[in-house]
Amino acid sequence: MKDMDIKPLSSWPIDVSTRPLVIAGPCSAETEEQVMDAARGIKAAGIPIFRAGIWKPRTRPNSFEGIGAKGLIWLQKVKEETGLITATEVANARHVELALGAGVDILWIGARTTVNPFAVQEIADALRGHDIPVLVKNPINPDLELWMGAIERLHAVGLTRLAAIHRGFSTYQKLKYRNDPQWQIPIELKRRMPQLPIFCDPSHITGDRDLLDEVAQKSMDLNYEGLIIESHCKPEEAWSDAKQQLTPVALKELLANLVLRDPEAGNELVDNTLGELRHLIDDFDQKLLELLENRMQVAKTIGHYKKENNITVLQNKRWGSILEKSMENGKKKGFSEQFINSLFKAIHQESINQQEEIMNS
Ligand SMILES: O=C(O)C(=O)C[C@]1(C(=O)O)C=C[C@@H](O)C=C1
């Protein structure tokens, strides 16, 4: 994976001297006037790339599904009048053809398209020979392989200006955010494709303009290269995603308030202190594994005992009380419910797997 030829943002047709690189504009192009107003606002906010959805994949029918190809003419006008770089979403070969024909500079593939390898391949084939920047949103389900697969399909037809967009993952549960960020997935993507720039999409993660700043800040702390944020001059009147859009003026303020930290210290004293603290972390990680190993030895002994006495592996009551007790203790120690839940579920599952092996040996 490491030898994929993915070019850095500096090879994109824009000045990327400032971090983060920001793409902003309305969720959907609605009218020419609305697009032009938004573009002027985005330009005034010092943002270099203007986005607007032309074709909108909507969850339910009978909602606004995008203005269609005539919106591309408005994007051309944005370019002529403001000099902004333009970006839009494509979901099939026809969209690609129309967008390229209209001179759109950057394309992205939406979360509902990334899930479908047939659709991604169709888009990739339509893009062959055009090395324009393409951003790939994470699939709506938390499947890193599918996300990487889409990027690889585009890379395989010769695209090198690729980037990922983290927009969060659909959940059935009602959480604080509209889509669960599951930050560990883009972190793992960064580990597996280190040269791939990542953009955060706080609009779709939060679904709420009041929460955009905390998610944007978190993405900066995780070293993301860019942000893609929905912005509309009259957010309450937007034809789609009204709750999550903010005005260009508010967006400018949000960007100004971001605290940007350096990925490396570049200072001996800081490096040494970090180094010492990281040794401590390494020691604790080692001890954690030793503790888990000891716990597992006991679980295995229980496994043999269960086999001899014909007792089932799963002991629901016991497991329930372990989780309850650990949750109570964990919360006192300042851990989140979600963390304790996933930690103990993983431990319990491993116990079950190892006891199953004993049962079946
Ligand atoms: O208490 C048991 O019966 C165990 O085997 C231990 C253990 C655990 O690892 O905590 C494993 C499986 C059971 O479902 C409950 C608990």
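Each remark here, short or long, concerns the structure printed above.
Reading the values: rules and limits
- Residues numbered from 1 in each chain as written.
- Predicted model: local features only at pLDDT ≥ 70, side-chain atom pairs only at ≥ 80, totals over all residues.
- Near = placed C-beta within 6 Å.
- Helix = DSSP H or I, 4+ residues; strand = E, 2+ residues; numbered from the N terminus.
- Nonpolar A, V, L, I, M, F, W, Y, C, P; charged D, E, K, R; others polar.
- Pairing = 2+ DSSP bridges.
- Axes fitted to C-alpha atoms, helices over the stretch in contact; angles between N-to-C directions.
- Contact = placed C-beta atoms within 7 Å.
- Buried ≥ 20, exposed ≤ 12 C-beta atoms within 10 Å, placed from the backbone.
- Right-handed = clockwise from strand over helix to strand, strands pointing away.

1. Topic: the site of the ligand
The environment of the ligand is formed by Ala299, Ile302, Leu314, Gln315, Arg318, Trp319, Ile322, His348, Ser351, Ile352 and Gln355. For the shell around the ligand, the elements supplying multiple residues, two or more each, are α11 (268-309), α12 (316-332) and α13 (337-360). Looking at the shell around the ligand element by element, the count peaks at four residues for α13. Tallied by class, residues from the shell around the ligand come to six nonpolar, four polar and one charged.

2. What about the sheet that holds strand β5 (residues 134-137)?
With respect to topology, eight strands assemble into a closed barrel ordered β1-β2-β3-β4-β5-β6-β7-β8, the strand pairing being parallel. Sheet twist, expressed as the mean angle between neighbouring strand axes with direction ignored, is 30°. Of the strand pairs in this sheet, strand β2 (residues 49-51) and strand β3 (residues 85-90) are connected by three bridges, and their pairing is parallel. Across the sheet, residue isoleucine 49 finds its bridge partner in β3, namely isoleucine 85. Sheet strands touched by helix α1 (residues 32-44): β1 (21-25) and β2. Its angle to β1, the strand with the most contacts, is close to 155°.

3. Considerations on the pairing of β5
Burial along β5 is two-sided: Val134 and Val136 and Leu135 and Lys137, pointing in opposite directions, are all buried. Pairing analysis gives three bridges linking strand β4 (residues 106-109) to β5, with the strands arranged parallel. Note on β5: the bridge partner recorded for leucine 107 is valine 134. Here β5 pairs with strand β6 (residues 162-166) via four bridges, running parallel. Following the sheet pairing, valine 136 is matched in β6 by alanine 164. As a crossover connection, the stretch from β5 through helix α6 (residues 144-156) into β6 is right-handed.

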